[in-house]
Amino acid sequence: MRCTPEQLDLNHPLYALFNRDMLIRFTDKGLYVEAAGVYIDPWKPVAKALITHGHSDHARWGHSQYISVQSSVSILKHRLGDIIVTGKKYGETFKINGVEFSFHPAGHIIGSAQIRVAHKGEVWVVSGDYKVENDGISEAFEPVACQHFITESTFGLPVFKWKPQEHVYADMLEWWQRNAADNRSSIISAYSLGKAQRILKGLSSSCPGPVYAHGAIFTIHEILRNEGWDLPEILPMPLGSVVPDIQKALVLAPPGAIGSSWQKRLKDPVSAAASGWMGVRGTRRRSAVDRGFVLSDHADWDGLNQAIEATGATSVYVTHGYTDIFSKWLNEKGYDAHIVKTEYGTDQEELLNAEADTLSSADIDDASNSGEAISPSEKDIIL
Ligand SMILES: [Zn+2]
Ligand SMILES: [Zn+2]
């Protein structure tokens, strides 16, 4: 059945009719699997919540019971405190009121999962946030066959095409080496869950100096290392005024620490940020950093399209990001695509989106992006 208004309006009288027979319903608390009585990534407190990953817009406080993939349990406990949480293995199927559920890798961050829901021959996949490039640290994205696929579209514009990550790590290393040779500290703003681990993994083979981390990043790093994740040893930023080898160091800090008094112990620092938004000139300027590295934990345009195609789904629901353009594109490709209004997209890398919402191809800095020309057909859909 096709819903005529492009955006699903929860208050529209026809919505209840459309929504009634769906295995997953879009409600004002979140994605609701009524037959099982559970919600997926709900944004209001519920009795039982299945959680795709530990970012705060998907894993919220206040549910009576949580179910997540095992590798996300310690992250959820660290972020949400003393919660009741059950961990499941990837691929393990379990039933709630006869509805079958399983978690599958989403490749977004450590412990991120897509959730497959199957009942009476109907199969849905809730992908949460995802990327298709294997970063060697998050469990690699796995396409899961379904009829209905729920997707993000954080970078759902054709201008977003990521360079292979090895190129970005090589640029980052060269930048750090040059700063170290000039006796200047290098500081990179990176989100504490996701980007920080990825950068460390990418740079760990050859470091020109020590790596220090802000407390928020160091704490998560140690939790993950204690769980057995293969992450390099790093140092917490010392409390005193003397920091050994600070003029050669790479310092990882959350975005808020850049330019604040926190960085006064650094030696003549050079700053950078690592995000998919760093290909957009305005974002780099607003972030007040000297250098931007285009590195994202979300799928780019091709990644989103590939992922959707690989599921074999005919219905696609777009939850956050460039929902209008991306769902329009999908409809033109023959999918039954809808925009679903959710409260996702307010955390970590996604947040900068709010400031970049008037993007056009002219805003994309080819020098730091792929450098590839945008084909006429792609230009057509940049509205
Ligand atoms: Zn996320
Ligand atoms: Zn998200």
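Residues numbered from 1 in each chain as written. Chains lettered and ligands numbered in written order. Predicted model: local features only at pLDDT ≥ 70, side-chain atom pairs only at ≥ 80, totals over all residues.

### Digging into the overall build of the chain
Okay, step 1: On a plain count of helices and strands, the chain comes out with nine helices and 20 strands.
Okay, step 2: Here the analysis covers contacts within the chain between residues at least 6 apart in sequence; of these, 60% occur between residues at least 24 apart. (Helix = DSSP H or I, 4+ residues; strand = E, 2+ residues; numbered from the N terminus. Contact = placed C-beta atoms within 7 Å.)

### Considerations on the nonpolar core
Okay, step 1: Among the nonpolar cores identified, the biggest contains 54 residues, and L31, V33, L50, I115, W124 and V316 are the most heavily contacted of them.
Okay, step 2: For this core, the element with the most residues is helix α7 (residues 301-311), which contributes four residues.
Okay, step 3: Discounting residues that sit within four places of it in the chain, V33 has contacts with L23, I24, V38, I40, V99 and V117.
Okay, step 4: Grouped together as the second largest cluster of nonpolar side chains are 43 residues, V251, I258, W277 and V280 included. (Core = buried A, V, L, I, M, F, W, Y, C linked by C-beta atoms within 7 Å. Buried ≥ 20, exposed ≤ 12 C-beta atoms within 10 Å, placed from the backbone.)

### Details of helix α8 (residues 323-332)
Okay, step 1: The set of residues buried in α8 consists of T323, F326, S327, W329 and L330. Considered in projection along α8, the buried side chains sweep an arc of 155° and stay on one side of the axis.
Okay, step 2: Where α8 is buried, its residues touch β12 (148-153), β19 (315-321) and β20 (336-340).
Okay, step 3: Phi turns positive, to about 105°, at G334, one or two residues after α8. (Arc of directions from axis to C-beta.)

### Here we look at the sheet that holds strand β17 (residues 270-274)
Okay, step 1: If you walk across this open sheet you meet the six strands as β15-β14-β16-β13-β17-β18, and the pairing is parallel. Of all the strands in the sheet, just β15 (235-236) and β18 (291-293) have a single pairing partner and so form its edges.
Okay, step 2: Inspection of the sheet shows strand β14 (residues 211-213) paired to strand β16 (residues 250-253) by three bridges, in the parallel sense. Following the sheet pairing, V211 is matched in β16 by L250. (Pairing = 2+ DSSP bridges.)

### Concerning the sheet that holds strand β3 (residues 31-33)
Backbone-to-backbone hydrogen bonds pair the strands of a sheet. The strands run either parallel or antiparallel.
Okay, step 1: In spatial order, the strands read β2-β3-β4-β5-β6-β7; together these six strands make up an open sheet with mixed pairing. In the strand order of this sheet, the two ends are held by β2 (25-26) and β7 (85-88), each with one partner.
Okay, step 2: Packed on one face of the sheet, helix α2 (residues 73-80) meets β6 (65-69) and β7 and runs near 155° to β7. (Axes fitted to C-alpha atoms, helices over the stretch in contact; angles between N-to-C directions.)

### Quick notes on the pairing of strand β13 (residues 186-189)
Okay, step 1: Alternating positions in β13 separate into two faces, S186 and I188 on one and I187 and S189 on the other, with burial throughout.
Okay, step 2: Of the pairings in the sheet, the one linking β13 to β16 comprises four bridges and is parallel in character. By the bridge assignment for β16, S186 is matched with L250.
Okay, step 3: Both β13 and β17 contribute to a ladder of four bridges, which runs parallel. Counterpart to S189 in the pairing with β17 is A273.

### Looking at unusual backbone geometry
Okay, step 1: Positive phi, close to 50°, is recorded for N97, a residue that is not glycine.
Okay, step 2: Residue placement: N97 occurs in the loop between β8 (94-96) and β9 (99-105).
Okay, step 3: On the basis of neighbour counts, which here come to 11 C-beta atoms within 10 Å, the residue N97 falls in the exposed class.
Okay, step 4: A positive phi angle is found at N183, which is not glycine, with a value near 55°.
Okay, step 5: Within the secondary structure, N183 is located in the loop between α3 (165-181) and β13.

### A few points about the pairing of β12
For a regular strand, side-chain orientation follows a simple rule: the groups alternate between the two sheet faces.
Okay, step 1: Of all six residues in β12, six are buried; the element is thus mostly enclosed.
Okay, step 2: On β12, burial covers both faces: H148, I150 and E152 on one face and F149, T151 and S153 on the other are all buried.
Okay, step 3: Both β12 and β19 contribute to a ladder of five bridges, which runs parallel. Considered in β19, the bridge of I150 is made with Y317.

### As for α7
Because an α-helix completes one turn every 3.6 residues, residues spaced three or four positions apart along the sequence face the same direction.
Okay, step 1: Within α7 the residues assigned to the buried category are W301, G303, L304, A307, I308 and T311.
Okay, step 2: Considering only its buried residues, α7 is in contact with β11 (122-126), β12 and β19.
Okay, step 3: Phi for G312, located one or two positions after α7, is positive at around 75°.

### Comments concerning the confidence of the model for the chain
Okay, step 1: Per-residue pLDDT for the chain has a mean of 87; in total, 85% of the residues score no lower than 70.
Okay, step 2: Under a pLDDT of 50 for its full length, residues 353-358 has, in the predicted model, nine contacts with residues more than four places off or in other chains.
Okay, step 3: Note that residues 360-383 has pLDDT below 50 and, in this model, 37 contacts with residues that lie over four places away or in other chains. (pLDDT = per-residue confidence, 0-100.)

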